[in-house]
Protein chains: 2
Amino acid sequence: MGVGDDAAVLQPPSGMDMVISTDRVPTDLLALQFGLMGMRDLGSYLAEVNISDIIAMAARPAGLLLNVGLPSDFLISDFREVLEGFIEAGSSHGAPLVGGDTTYAPSPTFSATAVGWVAHDSALRRGGAKLGDRVAVSGNVGAFGAALVYFSARRTGRVNSLSSRTEQRLLEALVKPKARSELVDGLLGEPCVSGAMDITDGLGQTLSEFADASGMGIDVVESHIPIDDTVAEVSEITGTPLMDIAFGIGLDLELLLTLSPAAGLPEEAGGLTLIGEVVESHHGVRVLRGDGRPSPLPGRGWQHFQGDPEDLIAGA
Amino acid sequence: MGVGDDAAVLQPPSGMDMVISTDRVPTDLLALQFGLMGMRDLGSYLAEVNISDIIAMAARPAGLLLNVGLPSDFLISDFREVLEGFIEAGSSHGAPLVGGDTTYAPSPTFSATAVGWVAHDSALRRGGAKLGDRVAVSGNVGAFGAALVYFSARRTGRVNSLSSRTEQRLLEALVKPKARSELVDGLLGEPCVSGAMDITDGLGQTLSEFADASGMGIDVVESHIPIDDTVAEVSEITGTPLMDIAFGIGLDLELLLTLSPAAGLPEEAGGLTLIGEVVESHHGVRVLRGDGRPSPLPGRGWQHFQGDPEDLIAGA
């Protein structure tokens, strides 16, 4: 690529398919509104969420484009920090900045496009799950949601502070999500993996979309869900049900996977945790509680256009 | 691609490089502010400007991603029109919609990414021009700028109306620019073409960027510039110098090309007009007027963050 050209040029590795995705950072991001997120974090976040979509297809990230609209009074120093955070995060996943566009906009707007490569016909789809496939997550869930609930409640003074160690951990989850690119060469290349999707819309909504895409149902065992340690603490002090946080508001960049048992299950690979199974068609997602009885999905995913995490907090 | 997947999958044709570019429609687009541009036009415009960047690299457009941020009160029917215009324009260039993102934003924001394929190592760069290369444009210039100047002046009642035929032509240039994808298989594949760039920032600024990228100067013969018929009419009634319009405000989606005479010049190919020559290094762009004497570049390109076409109008 020549900087200044109309477009960037990338040479596809032989025999590879291209995977491409675009995501915007919502400018009503609560972490920004709460003053918890710096401009460098914002840039990093934008890169990570775009790269996560590439990884969820089992593709290797290869490049990023940044598309920014800024008002005239936006500080150049702030823009530089966004750019630095974006480039640094992209580079950490092997995805350099290859192009972009910066124009005037009445309010700041940040979107990006990520591209990656995957062996021909090997991209992981959502609809690949089969009856009997196991459902797994690539790591702990709920810390992002817990952070939103906690910092929302703190902001209005409704709850006391958690320890600074827990606060720090919640803050990291909220403003520094990391895409799981290390899974591409390991787990995601295993023949047992039949489908993948990242959990950027919350575990509950992601499970629902996965079930819908497959035309199958999913039963999840509540006690098997690897919930981040912070979630119980936040649940207790805010009165928000634990599972509402764990299943609800997203942006953990972990992956939801389906695995075919016939191909051998790597139960411990890369922090993988089995949480459920693909079952008969057309009943969506059920949660099996301690007594083994199914109940509907608690909580809700992040709903664009209507999301307000403060609704989740008891008494809000 | 499966709709609903995290990312789209495209198979690169064997031996081809990928070309990728992203552009935003500035939401302060004057045609929108003037009420001259419908939502369908906006979608089409967004597709065309993105595709034009792919074409300017001599690549064949292959797909589009749409990235939209919308406030809660944005009408679904308007969004549908944007989408239809975008898809229709993309399809007309062989570039289907393959992915996208729609999120909340406090004010409407529309960006897109276009991808295309070009034979390995055959992408046209800006910096490819050599001493003695001819400079050409792929069609008439100035209609977009004339339209901006005219409709700005009309809006404030400073000038009388032009004929409805001329108005219609100006309106088309303003709201329905078309990328020149038909040039990819013809002219842009000719061995004589050493560089290309689209004229979305105005002819003057595009010439300057071309000269800078090549480390060369460019001499342009003023009388050779193929100026759209409407420009003289608008110049006359608004008092704006003809060449300020022709060299100034952009978004004609024509291409500026450099051609190597040694490889044989296709002087008449595809409406191509020779307007100048690549000359000695490091003096930017000069315009040769009737007396053969060089003068500096008139007008100015569209300057993001500070552009105001009304400044161009005499007495404004």
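Given the structure is predicted, the values throughout are model-derived calculations rather than measurements.

S.K.: Any details on the sheet that holds strand β6 (residues 134-137) of chain A? Residues and values, ideally.
M.R.: Residue and element names in this part refer to chain A. The strand order across the open sheet built from seven strands is β7-β9-β6-β10-β8-β11-β12, with neighbouring strands paired in mixed fashion. The open sheet has two edge strands with one neighbour each: β7 (193-198) and β12 (294-296). Geometrically, the sheet is characterised by an average inter-axis angle of 30° between neighbouring strands, direction not taken into account. In this structure, β7 lies alongside strand β9 (residues 255-259), joined through five bridges in antiparallel fashion. Within β9, the position partnered with M197 by the bridge is L256.

S.K.: Now, about the relation of the copies chain A and chain B: what can you tell me, with residues and values included?
M.R.: Turning chain A through 180° and shifting it by 0.0 Å along the axis lays it on chain B, with an RMSD of 0.0 Å. Classification of the inter-copy transformation places it as that of a two-fold axis. When the interface residues of chain A are mapped onto chain B, 100% of them again lie at the interface, so the same face is used by both copies.

S.K.: Before we move on, can you summarise the confidence of the model for chain A with the specific residues and values?
M.R.: Residues and elements named next belong to chain A. Across chain A, pLDDT averages 86, with 91% of residues at or above 70. Within chain A, the element-level pLDDT minimum falls on helix α1 (residues 30-33), averaging 76, and the maximum on helix α3 (residues 76-92), averaging 96. Low pLDDT, under 50, characterises residues 301-316; the stretch is placed with 45 contacts to residues that sit more than four places away or in other chains. Across the interface, the model reports ipTM at 0.84; the global pTM reads 0.86.

S.K.: Mind laying out the environment of P96 of chain B, listing which residues take part and the relevant values?
M.R.: All names here are of chain B. The residue P96 is located in the loop between α3 (76-92) and β4 (97-104) in this model. In this structure the C-alpha to C-alpha distance between P96 and L64, which are 32 residues apart in sequence, comes to 6.0 Å. Once you skip the residues sitting within four places of it in the chain, P96 turns out to touch A62, G63 and L64.

S.K.: Explain the interface of chain A and chain B residue by residue, including any values.
M.R.: Across the boundary between the two partners, chain A contributes 59 residues, which contact 59 residues of chain B. Along the contact surface separating chain A from chain B lie zero salt bridges. At the junction of chain A with chain B, the criterion picks out 13 residue pairs in polar contact (both at pLDDT 80 or more). Counting residues per element, the ones that place at least two in the side of chain A that touches chain B are β1 (8-10), β2 (16-25), α2 (39-55), β3 (60-70), β4 (97-104), β5 (109-119) and β7 of chain A. Here the element with the most residues in the side of chain A that touches chain B is β2 of chain A; it accounts for nine residues. Split into classes, the residues belonging to the side of chain A that touches chain B amount to 30 nonpolar, 18 polar and eleven charged. Examined bridge by bridge, β1 of chain A and strand β2 (residues 16-25) of chain B share three bridges and lie antiparallel to one another. Bridge pairing links L10 of chain A to M18 of chain B in β2 of chain B.

S.K.: Mind laying out the packing of helix α2 (residues 39-55) of chain B against α3 of chain B, listing which residues take part and the relevant values?
M.R.: All names here are of chain B. Put simply, α2 and α3 touch, their axes get as near as 6 Å, and they point 35° apart. The way α2 lies across α3 gives a crossing that is right-handed. On α3, the residues touching M39, R40, L42, G43, S44, L46, A47, E48 and I51 of α2 are D78, E81, V82, E84, G85, F86, E88, A89, G90 and S92. For the contact of α2 with α3, the class distribution of residues is eight nonpolar, five polar and six charged.

S.K.: For the environment of A62 of chain A, give the residues involved together with the corresponding values.
M.R.: All names here are of chain A. The topology assignment puts A62 in strand β3. Note on A62: relative accessible area 14%, which makes it buried. A C-alpha to C-alpha distance of 6.0 Å links A62 and G94, two positions 32 residues apart in sequence. In this view, A62 contacts G94, A95, P96, V115, G116 and W117; residues no more than four positions away in its chain are not counted.

S.K.: Which residues make up the sheet that holds β1 of chain A, and what are the values?
M.R.: Within the open sheet, the five strands sit side by side as β1(A)-β2(B)-β5(B)-β3(B)-β4(B). Their pairing is mixed. The two strands at the open ends of the sheet, each matched to only one other strand, are β1 of chain A together with β4 of chain B. Geometrically, the sheet is characterised by an average inter-axis angle of 20° between neighbouring strands, direction not taken into account. Examined bridge by bridge, strand β3 (residues 60-70) of chain B and strand β5 (residues 109-119) of chain B share nine bridges and lie antiparallel to one another. Bridging from a neighbouring strand, N67 of chain B pairs with S111 of chain B of β5 of chain B. Lying over the sheet, α2 of chain B contacts β2, β3 and β5 of chain B, oriented at roughly 140° with respect to β2 of chain B. Each of β3, β4 and β5 of chain B touches α3 of chain B; the most contacted strand, β3 of chain B, lies at about 170° to it.

About the cut-offs
- Residues numbered from 1 in each chain as written.
- Chains lettered and ligands numbered in written order.
- Predicted model: local features only at pLDDT ≥ 70, side-chain atom pairs only at ≥ 80, totals over all residues.
- Heavy atoms only, no water.
- Pairing = 2+ DSSP bridges.
- Helix = DSSP H or I, 4+ residues; strand = E, 2+ residues; numbered from the N terminus.
- Axes fitted to C-alpha atoms, helices over the stretch in contact; angles between N-to-C directions.
- Least-squares fit on C-alpha atoms with pLDDT ≥ 70 in both.
- Contact = heavy atoms within 4.5 Å.
- pLDDT = per-residue confidence, 0-100.
- Salt bridge = Lys/Arg side-chain N within 4 Å of Asp/Glu carboxyl O.
- Polar contact = N/O pair within 3.5 Å; in protein donor to acceptor, adjacent residues only side chain to side chain.
- Nonpolar A, V, L, I, M, F, W, Y, C, P; charged D, E, K, R; others polar.
- Left-handed = near helix turned anticlockwise from the far one by under 90°.
- Buried < 20%, exposed > 50% of the residue type's maximum accessible area, 1.4 Å probe, protein only.

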